[in-house]
Amino acid sequence: MSTADTDIQNLGSFVWSIAEILRGDFKQSEYGKVVLPFVVLRRLDCILEETKDAVLEAEKTLPDGVDDETRDMILFGAAGGKIRVYNTSRFTFESLKGQDPGQLHQNLIDYITQFSPNVRDIFLDKFLFTDQLKRLNDGGILWQVFERFSQIDLHPEAVSNAEMGYLFEGLIRRFSEISNETAGEHFTPREVIRLIVDLLTANDKDALGGSGIIRTVYDPACGTGGMLALTEEAITGMNDKVRVELYGQELNPESFAICKSDMLVTGHNPQQIAFGNTLTGDAHAGKTFHYMLSNPPYGVDWKKYQDPIKAEAAEKGFDGRFGAGLPRVSDGQLLFLQHMISKMRDDEQGSRIGIVMNGSPLFTGGAGSGESEIRRWMLENDWVEAIVALPTDLFYNTGIQTYVWLLNNRKPSDRRGKVQLIDASSERFWRSMRKSLGSKRREIPDNARDEIVRIYAAMLNGEGEEDWSDFSKVFDTTGFGYREIRVERPLRLNFQINDERLERLLVEKAIQKLDEAERQDLLDALASHMPTTLFTNRDAFDKGLKQALKGAGVKITAPVRKAILSALSERDEDADICTDKDGNPEPDSELRDYELVPLSEDWRDYVAREVTPFVPDAWVDESYCDARDGKVGRVGYEINFNRYFYKYVPPRPLEEIDAEMKQLEAEIAGLLKEVAA
């Protein structure tokens, strides 16, 4: 079956139909373990088939004792030299069809194990493909599956690299859905990737001009490599003379195998795609990159591998990757962003970052928290260039709101000290899909993408001929910062001896530790020597308590005295202020409050305007200071999109609502009448 005149969607449907053969022998969640490696295998087979004879002939002429590196170099050349893959098995898919079907399993094992080491590793260690072939053979369906894949022409002349990307995306989406993967583990739709890439390269056309230009691109959670491939496509589209080097790291074995395969067949160095956990084992340590982009998993915790991350943060600080702070273990998005920042180039060109995250990194965590400190670090270093709010329902496995963060450590002069917020979540920037794909019900059309990029590139705001203030606003970096000051109010208590308060006293731990006789002596002293009148001054009550205990001959410890004062007291706004031994007012922890003062304002002026007129007895706890600058109040940063783009919609008039309700009542009554008839 040739795909020359068949669109990629039909090809995907055909490949998916092959998965139906697996029903009964494999769980639905296991279909991808068979289909995806078979697609990769067929793709490589189509590419290598025309040079098969040349490779086999070259292998025969290899000198005795040749080292592995020389062997690979010779055979890569025999395979065409454009891709770093060869296969020395005598089989191809075409020749396997002419063999005894009963020998297919053994022949396929021979075929796979004769690939060059860089591909053999993919099938044996990452796809674990030999295990799946055995299951297919044991189930008696290996020949059926193989024969169906043999019908597909996946040669690059029939299916381009971009189309292969779409094919993988569609298949993986389906496999993810039936596997019930979490919302944070999904593939990024192509239109979202194109938007990020266009934003990253929006103002780089001049910088990418000429010859001899090299650009490095990195994705720390590269999946199947879609972001890397589309970034290269965009850059070479501006200048086909640019040499683009792609780097990535991926934790999922199957996604890594697909990405590495793609790098192989497109002529890239597959060794630049690493396998493993980026956060615990940086495979590209010491390297920096021109462009970095990623859609890391969000809403996924990092608790199970927190020890090495916390150790790096503690031991290396800002010399490592996580010096700014650690977010809560329930969400590791800001860990990926810090990791990417650590790989920014410190030269004239600098680096640009585009990363998709949910709303949590914008505002989660108060002043002094890990999240706030990371935001503070980025904004105070003036790396955040823009944040774009995307429409909901864009992704296959989740409909939540997402945001694209754009960072640049070489901002142009007009953007220095500024952050642009773009609200691209309205209907202006999306359209409904004719057919939903999982949770994906919307898409960003090309014209909307171009408009978002234009708003960003020109830093459009509420100025000029067009007023873009409904969709774009520019703020000073300090505009997102605040000082959290602690406002105290004095403790005011009344005291009284009555049955209710005495019952509270008996459950105090210090009182329960007394023996029965001591406890009874204390109660008798309070009942017989203390008046039952209401005290509104703690010192007066304490003085009376001491006299009563002395008169009754009862001695108490400090914990018992504290328990008495606690149990026999109640807060009273009309009571006198309780003071410490120096005569200073004691704060009431229940009345303690925190005020967020904008960084642009002195906290004293703020308190005089917003606090003192309403609570004259309040004061600011000046010992509550920021750990970094030592000033009063803890510094925090948050970016609340809703606050900046909120539009008040007045409620409908009551008359209109009432009329609508009456109309609905009449309709219901009519329907009931029809049913009764």
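Residues numbered from 1 in each chain as written. Predicted model: local features only at pLDDT ≥ 70, side-chain atom pairs only at ≥ 80, totals over all residues. Heavy atoms only, no water.

(A) Fine view of the overall build of the chain. Within the chain one finds 26 helices and 17 strands. For 677 residues, the compact-globule estimate of 2.2 N^0.38 gives 26 Å, and the C-alpha radius of gyration of the chain, at 35 Å, exceeds that figure by more than 25%. Across its three principal directions, the C-alpha atoms of the chain cover 115 × 80 × 70 Å. Counting every position in the chain, which comprises 677 residues, the buried fraction comes to 50%. When contacts within the chain are restricted to residue pairs at least 6 apart in sequence, long-range pairs at least 24 apart make up 76% of them. Charge separation in the chain, taken as the distance between the mean sites of 82 positive and 114 negative side-chain charges, equals 2 Å. (Helix = DSSP H or I, 4+ residues; strand = E, 2+ residues; numbered from the N terminus. Rg over C-alpha atoms; globule rule 2.2 N^0.38 Å. Buried < 20%, exposed > 50% of the residue type's maximum accessible area, 1.4 Å probe, protein only. Contact = heavy atoms within 4.5 Å. Lys, Arg positive; Asp, Glu negative; His and termini not counted. Charge placed at Lys NZ, Arg CZ, Asp CG, Glu CD.)

(B) View of helix H15 (residues 333-341). With nine of its nine residues buried, H15 lies for the most part within the structure. Within the sequence span of H15, burial applies to Gln333, Leu334, Leu335, Phe336, Leu337, Gln338, His339, Met340 and Ile341.

(C) The arrangement of the pattern of salt bridges in detail. Under the counting rule described, the total for this entry stands at 51 salt bridges. Between Glu385 and Arg352 there is a salt bridge, and its shortest N-O distance comes to 3.0 Å. Of this pair, Glu385 sits in strand S6 (residues 384-389) while Arg352 is found in strand S5 (residues 352-358), placing the two residues 33 residues apart along the sequence. On the accessibility criterion, Arg352 (9% relative accessible area) is buried. (Salt bridge = Lys/Arg side-chain N within 4 Å of Asp/Glu carboxyl O.)

(D) How the structure looks around the nonpolar core. Residues Phe38, Val39, Phe123, Leu136 and Phe149 are the most contacted members of the largest nonpolar core, which totals 66 residues. The leading source of residues in this core is helix H2 (residues 31-48), at 12 residues. Excluding anything up to four places from it in sequence, Leu136 contacts Leu22, Phe26, Val34, Phe38, Ile141, Leu142 and Val145. Ranked by size, the runner-up nonpolar core spans 45 residues in total, among them Ile196, Ile213, Ile273 and Tyr298. (Core = buried A, V, L, I, M, F, W, Y, C linked by side-chain atoms within 4.5 Å.)

(E) Structural detail: unusual backbone geometry. Phi is positive for Leu128, close to 50°, though the residue is something other than glycine. Topologically, Leu128 is positioned in the loop between helix H7 (117-126) and helix H8 (129-138). Given a relative accessible area of 40%, Leu128 falls into the partly exposed group. Of note, Asp393 is a non-glycine position whose phi angle comes to about 60°, a positive value. Secondary-structure assignment places Asp393 in the loop between S6 and strand S7 (402-408).

(F) A look at the sheet that holds strand S4 (residues 291-294). The mixed open sheet is built from nine strands, whose spatial order is S3-S2-S1-S4-S5-S7-S6-S8-S11. Looking at the sheet topology across the chains shown, the edges are occupied by strand S3 (273-275) and strand S11 (472-476). Adjacent strand axes in the sheet meet at a mean angle of 15° when their direction is disregarded. Where S6 meets strand S8 (residues 418-423), four bridges bridge the pair, whose relative direction is parallel. (Pairing = 2+ DSSP bridges. Axes fitted to C-alpha atoms, helices over the stretch in contact; angles between N-to-C directions.)

(G) Structural detail: the side chain of Asn494. When you line up the elements, Asn494 lands in strand S13 (residues 493-495). The class for Asn494 is buried, based on a relative accessible area of 7%. At 3.1 Å, the side chain of Asn494 forms a polar contact with the side chain of Arg501. Within the structure, Asn494 has its side chain in polar contact with the side chain of Asp572 (distance 3.0 Å). Sequence-distant contacts of Asn494, defined by excluding residues within four places in its chain, comprise Arg501, Leu534, Phe535, Thr536, Leu568, Ser569, Glu570, Asp572 and Ala575. (Polar contact = N/O pair within 3.5 Å; in protein donor to acceptor, adjacent residues only side chain to side chain.)

(H) Summary view of the side chain of Glu638. Within the fold, Glu638 resides in the loop between strand S17 (634-637) and helix H25 (641-645). For Glu638, a relative accessible area of 18% gives the class buried. A distance of 2.9 Å separates a polar atom in the side chain of Glu638 from a polar atom in the side chain of Arg643. Those residues in contact with Glu638 that sit more than four places away from it in its chain are Leu362, Phe363, Arg375, Phe480, Tyr482, Arg643 and Tyr644.

(I) Structural context of the packing of aromatic side chains. Counted under the stated rule, the structure contains 25 aromatic pairs. The interplanar angle of 65° and the centroid separation of 6.2 Å between the aromatic rings of Phe93 and Tyr111 together place this pair among those described as edge-to-face. With Phe93 in helix H5 (residues 93-96) and Tyr111 in helix H6 (residues 104-113), this pair connects stretches of sequence that are 18 residues apart. Neither Phe93 nor Tyr111 differs from the other in exposure class; each is buried. Measuring from centroid to centroid gives 5.7 Å for Tyr594 and Tyr624, while their planes differ by 55°, and the two rings are tilted. One end of the pair, Tyr594, is in strand S15 (residues 593-598); the other, Tyr624, is in the loop between strand S16 (619-620) and S17, with 30 residues separating them in the sequence. Ring-pair connections join several aromatic residues into one group, and the members of that group are Phe38, Phe93, Tyr111, Phe115, Phe123, Phe127, Phe129, Trp143, Phe146 and Phe149. (Phe/Tyr/Trp six-rings, centres within 6.5 Å; stacked < 30°, edge-to-face > 60°.)

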